[in-house]
Amino acid sequence: MKHVLVAVAWPYANGPLHLGHMAGCYLPADIFARYHRLKGNQVLMVSGSDMHGTPIMVTAQQEGAEPEEVALRYHEINSRSMEQMGISFDLFTHTHTPEHQAVVHEIIGRLDDAGYIEPRTTTAPYDPKAGQFLPDRYVEGTCPHCSSTGARGDQCDSCGKTLDADELIDPHPKLNPEVALEFRETEHLFFRLSAFREKLLEWLAEGKEHWKSNVLNFTRNWLEEGLVDRAVTRDLEWGIPVPRDGYEDKRIYVWFEAVMGYFSASRHWAQLQGDDEAWRKWWDDPEAEHRYFMAKDNIPFHTIIWPAMLLGCGLKLPHDVPANEYLLLDSAQFSKSRRHAVWIPDYLERYDPEALRYYLAAVMPEQKDTSFTWEDYVTRVNTELIGNLGNLLHRVISFAQKNFPDGLHADECSLPELRDRAAEAHAKMDVALAACKFKRGLAAMLELSQATNAALNEAAPWKLLKQDRAACEVQLVGFLNICRALSIMMLPYMPRTGETAWQYLGLSGTPQEVGWDAVLDGENDFTLQRPKPLFAKLDLQKVLEKEMPPNELHELKPEISFNDFKKLDIRVGTVTGVEKHPDADKLWLLEVDFGGPTRRLVTGLRGIYEADELQGRQIAVLVNLERTKFRGVESGGMLLAAESGKVVSLLQPDQQVENGSRIH
RNA sequence: GCCGGGGUGGCGUAGUUGGCAGCGCGUCGGACUCAUAAUCCGAAGGUCGCGGGUUCAAACCCCGCCCCCGGCACCA
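Residues numbered from 1 in each chain as written. Chains lettered and ligands numbered in written order. Predicted model: local features only at pLDDT ≥ 70, side-chain atom pairs only at ≥ 80, totals over all residues. Heavy atoms only, no water.

Chemist: Tell me about the overall build of chain A, residues and numbers included.
Modeler: Check the secondary structure of chain A and you find 22 helices and 27 strands. Here the C-alpha coordinates of chain A stretch approximately 95 × 75 × 45 Å along the principal axes. By element, 47% of the accessible surface of chain A is carried by carbon and sulfur atoms, the whole surface being about 31,500 Å². Distance between charge centres in chain A, computed from 71 positive and 98 negative side chains, equals 4 Å. (Helix = DSSP H or I, 4+ residues; strand = E, 2+ residues; numbered from the N terminus. Areas by Shrake-Rupley, 256 points an atom, 1.4 Å probe, with all protein chains shown as cover. Lys, Arg positive; Asp, Glu negative; His and termini not counted. Charge placed at Lys NZ, Arg CZ, Asp CG, Glu CD.)

In structure tokens form, the structure reads like this:
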């Protein structure tokens, strides 16, 4: 019996969860946790909502609400999604709790005692009118290198050099250009991340054979490039207070405290159990294993920053960080702002969570990005989940129940070969699940189901029934035992379905109690219940009708007046020249003829349109947009294009018109 | 440009100590009728991105190149 900590990345509480979140970390973590529980190991699975991110403040501002209100709202929504999807957290909390705050303060104290936290005085841009410090990117001024006027406090777009805000000449707040900025001294706490480079390299040097190569490579690369000490406090109001005099107006930077949630949630869970020390079984036991589940964007936080903190206070390091790649939607990344997403709450309104668990496990982005499409979802659910697995259970149980309503009995196993196949599949699954290879585990189970379908056709109990009823009964017990095995084996993937099948089989207790190692134990007696199909078949046409109409009128922007519209000067022009931007890979420089002198446009269409596709083409351009420079080159307008998922398509008049023609 | 991942039959994919290239969907033919028009059997279909090299043997190792995806730089 082992103690296994299943730690899952903390979702930002600024929006609902989508399929990518599920496939990326919550489902794999849950499959893993359920597998270990079935094995009889002690699992502690924790996560929660990250309440303090800047995106939440932005969302709150947009909605005119308080950050806490927004965060709690999404925390509730996401907690419910987790529950409905059957993600079996021992605790799904959030970072805006007294328990989390207490642990964060404790960890900072431990790091501080060990000499890894130090205050440093820096100068930062301060807006005297607003009475607050400003983030560098909200500061504008004249670039000391190229004298361009629109340089930001973090970088000058004109010459591309990175800057500090205090290098700018005549700095002012971007949002209030008339205010003269001051630079005031401000003290912040820094985490001496750089002190951990050697220790982290040592840690990564051995015993990491089971790590995914991308995780390991990515991490080593980061370390090679060197670690920079990072500020862990910020001049903000939303976040965890800093336990130090003089820091009353500051908060702990979210990247620093959110990862501590793994530890705080373990402790919080223990308190809720009524045993404040219960967490130690996972954190103090040298044999305990910690696994962290997340998508690839989170790798450095879990392989460098959090481990550094763990080293700094002498806590247990991750055993594995099996980060996934991304699940894409129709080959393009999920995106909240582009409304390119399938949200979990929307999915759950119409479809079966267990079918989604099946499908996402089958296409899980374990080695590389994979795609969700509704067509593929319907196909795989109908053919693999229902046709192969669901139908097998249904055909065996319903046939046996119909013909032997009073029960079946056999003294020995009538299908030794098939039982061997089951043993083989069980062993394969065991290896795969222990190594977090969930697609492989699922495939092993379906192979068994497929082989059982074949054996059933071969044995043809519906024929035998008429010739030798007793022999048929014995044979059916053999098949029912395979169904029994499958109903346990499917539990990590589809827990509710496994339980339902168990009930139809008329077996006592729950399959969870019986456990993983009892998969091959055979029963001699079955008294079945009349089964109903385990899954509902999907109709592709109907699904597409529901899901495909673009949600055009969702999230409509606020209404504007005709006068507002008249402010836009949109013209037709002809592209007369196309060149590459000298310093940027994604930008074209277009010369466009509007009937007078040509204008230069900088546009991000490189990679979408080839030069010869643009040359000579008429396009629609917003020409009175404020001029900005893109990596040093000024753009005289914005090209209009339609965007749908991955497709970007230029607008053009459907017949040749005079250059400079207005669009209205 | 830098970093990471990937290019395998129409589509989606497996293949980590180099040893006859597997699987699912789709297609075609057949079997069966217990089952959710489901299941099973068989067939067609692959220069394993390209070019070199190492080896008795390369999808796998080495070198060079091309293309795709993501991150950064950046941008919509």
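That shown, we press on.
Chemist: Summarise the packing of aromatic side chains; cite the residues concerned and give the values.
Modeler: Taken as a whole and judged by the stated rule, the model has 26 aromatic pairs. Note on Trp10 and Tyr262: the rings are 6.2 Å apart at their centroids and 80° apart in plane angle, and the pair reads as edge-to-face. Residue Trp10 is found in the loop between β1 (3–8) and α1 (19–38), and its partner Tyr262 is found in helix α8 (residues 261–273); the two are separated by 252 residues along the sequence. Given a relative accessible area of 11%, Trp10 falls into the buried group. Owing to a relative accessible area of 1%, Tyr262 belongs among the buried residues under this scheme. On the basis of an interplanar angle of 85° and a centroid distance of 5.0 Å, the ring pair of Phe372 and Trp374 is categorised as edge-to-face. (Phe/Tyr/Trp six-rings, centres within 6.5 Å; stacked < 30°, edge-to-face > 60°. Buried < 20%, exposed > 50% of the residue type's maximum accessible area, 1.4 Å probe, protein only.)

Chemist: Pulling in residues and values, what's your account of the packing of helix α5 (residues 197–205) against helix α10 (residues 299–312)?
Modeler: It is the contact of α5 with α10, at a shortest axis distance of 10 Å, that shows an interaxial angle of 105°. By the angle class used here, α5 and α10 are roughly perpendicular. On the side of α5, the interface is formed by Lys199, Leu200 and Trp203, while α10 contributes Thr303, Ile304, Pro307, Ala308 and Leu311. (Axes fitted to C-alpha atoms, helices over the stretch in contact; angles between N-to-C directions. Parallel < 35°, antiparallel > 145°, perpendicular 65-115°, else oblique. Contact = heavy atoms within 4.5 Å.)

Chemist: So what about the pairing of strand β18 (residues 570–580)? Which residues, and what values?
Modeler: Two elements, β18 and strand β21 (residues 618–622), share five bridges in a ladder whose sense is antiparallel. In the sheet register, Val572 faces β21, and the bridge partner there is Ala620. Direction of pairing for β18 relative to strand β27 (residues 662–663): antiparallel, over a ladder of two bridges. In the strand pairing of β27, Ile570 is matched with Ile663. (Pairing = 2+ DSSP bridges.)

Chemist: Outline the pattern of salt bridges, supporting the account with residue identities and numerical values.
Modeler: Inspection of every chain in the model, using the stated rule, returns 27 salt bridges. Among the ionic pairs, Arg110 bridges to Glu106, the shortest N-O distance being 3.2 Å. Of this pair, Arg110 and Glu106 both sit in helix α4 (residues 98–113), four residues apart, which is roughly one turn of the helix. Linking Arg280 and Glu277 is a salt bridge whose minimum nitrogen-to-oxygen distance equals 2.5 Å. Under the relative-accessibility criterion, Glu277 is labelled partly exposed at 42%. Overlapping salt bridges, with partners in common, bring together Lys2, Glu289, Arg291 and Asp320 in one network. (Salt bridge = Lys/Arg side-chain N within 4 Å of Asp/Glu carboxyl O.)

Chemist: If you had to explain unusual backbone geometry to someone new, which residues and values would you point to?
Modeler: Although it is not a glycine, Cys436 sits at a positive phi angle of roughly 60°. Looking at the secondary structure, you find Cys436 in the loop between α14 (416–434) and α15 (438–459). A positive phi angle, near 45°, is found at Ala460, a position not held by glycine. Assignment of secondary structure puts Ala460 in the loop between α15 and α16 (461–467).

Chemist: How would you explain the nonpolar core if you had to name every residue and give the values?
Modeler: Counting 162 residues, the largest nonpolar core has Val6, Phe191, Phe256, Trp283, Trp306 and Tyr377 as its most contacted members. Here this core takes 13 residues from helix α13 (residues 374–403), the largest share from any one element. When neighbours within four sequence positions are excluded, Phe191 is seen to be in contact with Leu111, Tyr116, Ile117, Phe196, Asp229, Arg230, Val232, Phe256, Ala308 and Met309. Among the nonpolar cores identified, the runner-up in size contains 15 residues, and Val578, Leu590, Phe594 and Ile619 belong to it. (Core = buried A, V, L, I, M, F, W, Y, C linked by side-chain atoms within 4.5 Å.)

Chemist: I'd like to hear about the packing of helix α12 (residues 353–362) against α13, residue by residue, with values.
Modeler: Look at α12 against α13: their axes get within 10 Å of each other, and the N-to-C directions meet at 100°. One element, α12, and the other, α13, form an angle in the roughly perpendicular class. Contacts from Ala355, Tyr358, Tyr359 and Ala362 of α12 reach α13 at Asp376, Tyr377, Arg380, Val381, Glu384 and Leu385. Of the residues that constitute the contact of α12 with α13, the class distribution is seven nonpolar, no polar and three charged. (Nonpolar A, V, L, I, M, F, W, Y, C, P; charged D, E, K, R; others polar.)

Chemist: Tell me about empty space enclosed by the protein, residues and numbers included.
Modeler: In total, this model carries two cavities of 30 Å³ or more according to the counting rule given. Estimated volume of the largest cavity: approximately 40 Å³. Within the lining of the largest cavity, the residues separate by chemical class into six nonpolar, one polar and two charged. Roughly 30 Å³ of internal volume is contained in the second largest cavity. For the lining of the second largest cavity, the elements supplying multiple residues, two or more each, are β3 (91–94), α4 and α8. It is α8 that provides the largest number of residues to the lining of the second largest cavity, a total of three residues. Tallied by class, the residues present in the lining of the second largest cavity amount to two nonpolar, six polar and one charged. (1 Å grid on protein atoms, 1.4 Å probe; cavity = no way out; pocket = protein on both sides within 12 Å on 5 of 7 lines; lining within 4 Å. Points joined across faces, edges and corners; volume = space filled by probe spheres on them.)

Chemist: For the sheet that holds strand β2 (residues 42–49), give the residues involved together with the corresponding values.
Modeler: Ordered in space as β3-β2-β1-β13, the four strands form an open sheet in which the pairing is parallel. Strands with a single pairing partner mark the edges of an open sheet, and in this sheet they are β3 and β13 (289–293). Across the sheet, the mean angle separating the axes of adjacent strands is 20° when strand polarity is ignored. Pairing of β2 with β3, which is carried by four bridges, proceeds in the parallel orientation. The residue of β3 that forms the bridge with Ser47 is Phe92.

Chemist: Account for a negative patch on the surface, naming residues and giving values.
Modeler: A grouping of Glu237, Asp245, Glu248 and Asp249 is seen on the molecular surface, where their side chains present a negatively charged patch. Considering the arrangement of structural elements, one finds Glu237 in the loop between β11 (233–234) and β12 (251–252). (Patch = residues over 30% accessible without salt bridge, like charges linked within 9 Å, V, L, I, M, F, W, Y side chains within 5 Å.)

Chemist: Go over the side chain of Thr219, please, and point to the residues and values.
Modeler: Secondary-structure assignment places Thr219 in helix α6 (residues 213–224). When residues no more than four places from it in sequence are discounted, the contact partners of Thr219 are Leu204, Ile299, Thr303 and Ile304.

Chemist: Explain the pairing of strand β19 (residues 588–593) residue by residue, including any values.
Modeler: Judged from the six bridges that link them, β18 and β19 form a sheet pairing that is antiparallel. The residue bridging Val575 from the neighbouring strand is Val592, located in β19. In this structure, β19 lies alongside strand β20 (residues 599–603), joined through five bridges in antiparallel fashion. Looking across to β20, one finds that Trp588 is bridged to Thr603. Two successive antiparallel strands, β19 and β20, enclose a turn made up of five residues, where Gly595 displays a positive phi of approximately 100°.

Chemist: Describe in detail the environment of Glu206, supporting the description with residues and values.
Modeler: As for its placement among the helices and strands, Glu206 is situated in the loop between α5 and α6. Placed 291 residues apart in sequence, Glu206 and Thr497 show a C-alpha to C-alpha distance of 41 Å.

Chemist: Which residues make up the confidence of the model for chain A, and what values do they have?
Modeler: Summing up the model confidence of chain A, the mean pLDDT is 86 and the portion of residues at 70 or higher is 91%. Taken over the whole predicted complex, pTM reads 0.84, whereas the ipTM for its chain interfaces reads 0.89. (pLDDT = per-residue confidence, 0-100.)

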